[in-house]
Amino acid sequence: MSRSPSFSVKSELSVKADPDAMQRWVLAFCIIRFDLEQGQLIEECYPPGCLTQEEELEVAFSSFPDSVSQHQNRSSIHDCIFFFRFQRHKHSKQGNGTSSEISEIVDKETSSTPEEVKSIRRSRSTDISKSLKYLYGYVFNRQRHDERLKRGGEQKSVVILSHGPYSSVFRPLLQIMGPLYFDIGRKAIEHIAGYVSLWPSPVPGKLMELPIGNAMLKVNLPPAHSLPLESGISYEESASSMAPFLPSNPSVPQGLFHDSDIFGTFRGLLLQLWLLWELLLIGEPILIIAPTPPQCCEAVASLVSLVAPLLCSVDFRPYFTIHDPDFAQLNAFQEGDKYPPMVLGVTNLFFLKALRYIPHIVSVGSPAPSSSRVTIASRSTGRIPAKQEGFGLQQLSLKKFSPSSLFNAVKLRRDGPLCLMTEHKEAIWSTYVATTKPDTSILNRLIDAGMSPRVEESMSVVNNEILRRHFLELTTNFLAPFGPYFRATTPSEGSSPYADPPPLPPFNADDFLMSLSARGVGRFLSKRMRSNWLDLYRRFLKGPNFLPWFQRRLSIAENEQHRLWRQARMKTDIHLLITKMLELETVDCFNAIERHLLGEMQLQQSGRAISDSAAMCQKLKGDLQAVFNVLPNDMQQLLLLNPQRAALLQGSSNPELTKLPGRPSIQVGVVSSNSPR
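Remember, predicted model here, so these are calculated numbers, not experimental data.

S.K.: Could you give me a rundown of the overall build of the protein chain, with the residues and numbers involved?
M.R.: When its secondary structure is counted, the protein chain shows 27 helices and 14 strands. For the protein chain, the residues scored as buried account for 53% of the 677 residues in total. Sequence-distant contacts, at least 24 apart, represent 76% of the contacts inside the protein chain between residues at least 6 apart. Carbon and sulfur atoms make up 53% of the accessible area of the protein chain, which totals about 31200 Å².

S.K.: How would you sum up the packing of aromatic side chains? Please name residues and give values.
M.R.: One pass over the structure, following the stated rule, counts 40 aromatic pairs. Pairing Phe478 with Phe540 gives two aromatic rings, centres 5.3 Å apart and planes at 80°, and the pair type is edge-to-face. Placement of Phe478 in helix α17 (residues 453-479) and of Phe540 in helix α20 (residues 533-542) is noted, with a sequence separation of 62 residues between them. Its end group placed over the ring of Tyr134, Arg85 keeps NZ or CZ at 3.7 Å from the ring centre.

S.K.: Break down unusual backbone geometry for me, with residues and values.
M.R.: Between Tyr46 and the following residue, Pro47, the backbone shows a cis peptide bond with an omega angle of -5°. Along the chain, Pro47 turns up in the loop between β2 (39-46) and α2 (53-62). A cis amide bond links Ala308 with the next residue in sequence, Pro309, at an omega value of 10°. Looking at where Pro309 falls in the secondary structure, it is placed in the loop between α10 (293-305) and β9 (315-317). One non-glycine residue, Phe257, lies in the positive phi region at around 55°. Relative accessible area serves as the criterion here: at 4%, Phe257 is assigned to the buried category.

S.K.: Please provide a residue-by-residue account of the sheet that holds strand β10 (residues 342-346), values included.
M.R.: One open sheet accounts for five strands, arranged β9-β10-β8-β11-β13; its pairing is mixed. Strand pairing shows two members of the sheet lacking a second neighbour, β9 and β13 (427-429), which therefore form its edges. On average, adjacent strands in this sheet sit at an angle of 10° to one another, irrespective of strand direction. Pairing between strand β8 (residues 286-289) and β10: four bridges, direction parallel. Across the sheet, Ile286 pairs through a bridge with Val343, a residue of β10. In this fold α10 packs onto β8, β9 and β10, with an angle of close to 160° to the strand it touches most, β10.

S.K.: Now, about the environment of Val252: what can you tell me, with residues and values included?
M.R.: Inspection of the secondary structure puts Val252 in the loop between α7 (235-238) and α8 (262-265). Overall, Val252 belongs to the partly exposed group, its relative accessible area being 29%. Residues Val252 and Leu207, spaced 45 residues apart in sequence, show a C-alpha to C-alpha distance of 8.3 Å.

S.K.: Lay out the nonpolar core with the relevant residues and their values.
M.R.: Ranked by size, the top nonpolar core spans 126 residues in total, and within it Trp25, Phe29, Leu161, Leu273, Trp277, Phe478 and Tyr537 carry the most contacts. If we skip the residues at most four places from it in the chain, Trp277 touches Leu306, Val307, Thr436, Phe471, Leu474, Thr475, Phe478, Met529 and Leu536.

What counts as what
Residues numbered from 1 in each chain as written. Predicted model: local features only at pLDDT ≥ 70, side-chain atom pairs only at ≥ 80, totals over all residues. Heavy atoms only, no water. Helix = DSSP H or I, 4+ residues; strand = E, 2+ residues; numbered from the N terminus. Buried < 20%, exposed > 50% of the residue type's maximum accessible area, 1.4 Å probe, protein only. Contact = heavy atoms within 4.5 Å. Areas by Shrake-Rupley, 256 points an atom, 1.4 Å probe, with all protein chains shown as cover. Phe/Tyr/Trp six-rings, centres within 6.5 Å; stacked < 30°, edge-to-face > 60°. Lys NZ or Arg CZ within 6 Å of the ring centre and 35° of its normal. Pairing = 2+ DSSP bridges. Axes fitted to C-alpha atoms, helices over the stretch in contact; angles between N-to-C directions. Core = buried A, V, L, I, M, F, W, Y, C linked by side-chain atoms within 4.5 Å.

Dropping the structure here:
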């Protein structure tokens, strides 16, 4: 791994870092050294003082390969990139909100105006972002072997800490920054921090061009609907979009870790991908073990990416070590205890004993090439193919049902995960029986490139697109029955758009399951699921992913409905509308317009107004005046007793007031000046 040849640093062009601007992307840059006497030490932290002492220890311990991956590469220099995630505030609010918190918010919103609803959500998102729950650490680790040094070598890590799960940004940034630091030292941090300070704020779901010196990072950020609220994205932004049924461009992310290598990571376990998809969907605890941190991180990221476009609310740890503060609690679990919903990626074989009661264990990856174990490609095909072959049903079926494979499977099951202590194997230990059947047509489309690394890399790109698109379609179809609960309405023809929109249908789990059982799951899923598919929905409703996802989707629908009704108000001809109203309806319309106008003005005063807010205020003021003009004289006098209302009408009065036949017209300025207070 080496620095991009297109990148260079010139001192006269160096940019001074702005820590405040930098924090839109990066909380801190850290340099960590492994000291033989004192262990892991943070040598540099820029900007200083942004981490607590406990967080510094957490970062330091998570930034080096664990014991199992230490002695696999005896070359003079070995670089690797991986990332970890850790809990920042032990007692902070859950990022996605508990059930009671969500109920409280819904109660507040149902009794508030649309403008107040947005204000409630914004204050909630601000409170959550102030108590960010997780930090992501992206690591460039270098192991330098030198027999002249004590213990034969040294280790150092360059770490980028961020609130965002932006692996597509920080992986290429580390490929530049890591080698640069080992070339020029501390100046590398200052240069990179300066350029990051110039980056615009992250825009979820967009392709962004981020300059680094004379290089340019072109990256797709994950969409807002996939980001947990703790990542700092505001509630309104997170509810601004939703993944389409199937994207026309497969390179556009529909969830987290869109660039992860599903095929390369789970190549030896392709038939089990549907089992793993279900386990993550319903929030089952999973332990993933791999020989190295990069392999283990890639496995966790790939697993999380399988459930896109679902908001993943399972606690995932791409690289988990025994030094994590949560380890002590997990280590104390006994047989029969229920593990929390999580996906732990580990390399230390000690976890096989410490977490032996975790119900699902997945072993992935391959040891270093220098080991005696054959590579997956040569083992799966048995030869170097002369042409591209399908890595699909025929091979996998033979692999699954041949006597030797069957014997090995039985032996693996009998020996259990502890057999990994003597030899690493790709395997899954789980008693869960999947409802979803492996899609053999998808497996037959996958291409096995044999043993050529260059061809294999390009084929992995194709295979990843095939797999990711299939699981995106699978998840989207699974979530489709919830669609009617998020269907935004528009004002019916002839009705007033100034009234409050009707509430969205209430959700009841029992009613939903009964209705779904009666109408069926749809053609796409019925061909791919066994007859007990309703149990999968029942498990999903009780799992950790449903409630946060449902609340997020509900917000999207409410925002969309609010936008549609607001748009209708902008287009409504108020004079035509009020000709069809009775006097009582006209008074109600006046009150509704006044409420919407005050809401818009409040948003403007707070600096949270949207782009067309000024035009909307002008339209509402005109509508308010038009409705006022057609009210009876005594009603006008009564309304003007309120000084705030009189001021609103004073500001919207027009010398050429509209007068409808049979309705008196009043100059507000004259009337209000003589009206009693």
